[in-house]
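Architecture and fold: a report
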Amino acid sequence: MEEDIINHPSHYECESVEVSYRVEPIELCEMCGFLLGNALKYLFRYQHKGKPLEDLKKAQYFLKRIKTNYMHANTYGWYDNDKTAMAFQSKEFFKYCDLTEGSAAVHLGLLRFVNEKIDELEAQSVEMGK
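All of these numbers come straight from a predicted model, not from anything done at the bench.

Turning our attention to the overall build of the protein. Of the regular secondary structure elements, the protein holds six helices and two strands. For the protein, the succession of helices and strands along the chain, N to C, is α-β-β-α-α-α-α-α. Scored against the burial criterion, the 130 residues of the protein give a buried share of 43%. Taking the contacts inside the protein whose residues are at least 6 apart along the sequence as the reference set, 61% of them involve residues at least 24 apart. When the accessible surface of the protein is summed, it comes to about 7700 Å², and 51% of that surface belongs to carbon and sulfur atoms.

This is how it looks when you write it as structure tokens:
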């Protein structure tokens, strides 16, 4: 079967989760605001597209824009009682977030995760270059 790169690309499809139904990452990204949705897009795919450092830096860019420009707004699209959002709570990057605090705290945890991963990948790159 040929991959449907438009509607169900494999680098997102493999991140789908099963609850009482199948939930794809796009369903979470589309319920978020532009900045958080884009950051999540890069977080979901960073291990699957072959350029993890690049994808993490793109996620970092969007998360820093939230932190810089929109810290006062609690409108990033994370809803504690939303089944779609909570379906992904076991993802590696959400373990850095206090999901009980809603969207205001989610992006700060994601930014911490991204910064740590970038540092880790850059350190590995330096070690491999030796």
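Our focus in this paragraph is the pattern of salt bridges. Inspection of every chain in the model, using the stated rule, returns five salt bridges. Between Asp55 and Arg45 there is a salt bridge; the shortest N-O distance is 3.3 Å. One end of the pair, Asp55, is in helix H4 (residues 52-69); the other, Arg45, is in helix H3 (residues 34-45), and ten residues separate them in sequence. A single burial state applies to Asp55 and to Arg45, both of which are buried. Through salt bridges that share partners, Glu92, Lys117 and Glu120 make up one connected network.

All told, the structure shown has nine aromatic pairs when counted by the stated rule. On the numbers, 5.1 Å between centres and 70 degrees between planes, the contact of Phe44 with Phe88 is edge-to-face. Of the two residues, Phe44 sits in helix H3 while Phe88 sits in the loop between helix H5 (83-87) and helix H6 (103-129), which places them 44 residues apart along the sequence. For Phe44, a relative accessible area of 1% puts it in the buried group. Put simply, the rings of Phe44, Tyr46, Phe88, Phe93, Phe94, Tyr96 and Phe113 pair up and form one aromatic cluster.

What follows covers the nonpolar core. Formed by 31 residues in total, the largest nonpolar core has its most connected members in Leu40, Leu43, Phe94 and Leu110. Sorting the residues of this core by element identifies helix H2 (25-29), H3, H4, H5 and H6 as the ones contributing at least two each. Residue contributions to this core peak at seven residues, all from H3. If we skip the residues at most four places from it in the chain, Leu40 touches Leu28, Cys29, Cys32, Phe93, Phe94 and Leu110.

All right, on to H3 then. For H3, which comprises twelve residues, the first-to-last C-alpha distance of 17 Å matches the rise-based estimate of 16 Å (1.5 Å per residue) to within 8%. Extensive coverage of H3 is indicated by the burial of ten of its twelve residues. What H3 keeps buried is the set Leu35, Leu36, Gly37, Asn38, Ala39, Leu40, Tyr42, Leu43, Phe44 and Arg45.

The exposure class assigned to Asp55 is buried, which follows from its relative accessible area of 2%. Sequence-distant contacts of Asp55, defined by excluding residues within four places in its chain, comprise Tyr42, Arg45, Tyr46 and Lys49.

All right, on to the environment of Val23 then. Its place among the elements puts Val23 in strand E2 (residues 22-23). Taking the C-alpha atoms as reference points, Val23 and Thr84, separated by 61 residues in sequence, lie 6.9 Å from one another. With residues up to four places along the chain from it excluded, the contact list for Val23 reads Ser16, Val17, Thr84, Ala87 and Phe88.

About the cut-offs
Residues numbered from 1 in each chain as written. Predicted model: local features only at pLDDT ≥ 70, side-chain atom pairs only at ≥ 80, totals over all residues. Heavy atoms only, no water. Helix = DSSP H or I, 4+ residues; strand = E, 2+ residues; numbered from the N terminus. Buried < 20%, exposed > 50% of the residue type's maximum accessible area, 1.4 Å probe, protein only. Contact = heavy atoms within 4.5 Å. Areas by Shrake-Rupley, 256 points an atom, 1.4 Å probe, with all protein chains shown as cover. Salt bridge = Lys/Arg side-chain N within 4 Å of Asp/Glu carboxyl O. Phe/Tyr/Trp six-rings, centres within 6.5 Å; stacked < 30°, edge-to-face > 60°. Core = buried A, V, L, I, M, F, W, Y, C linked by side-chain atoms within 4.5 Å. Expected span 1.5 Å × (residues − 1).

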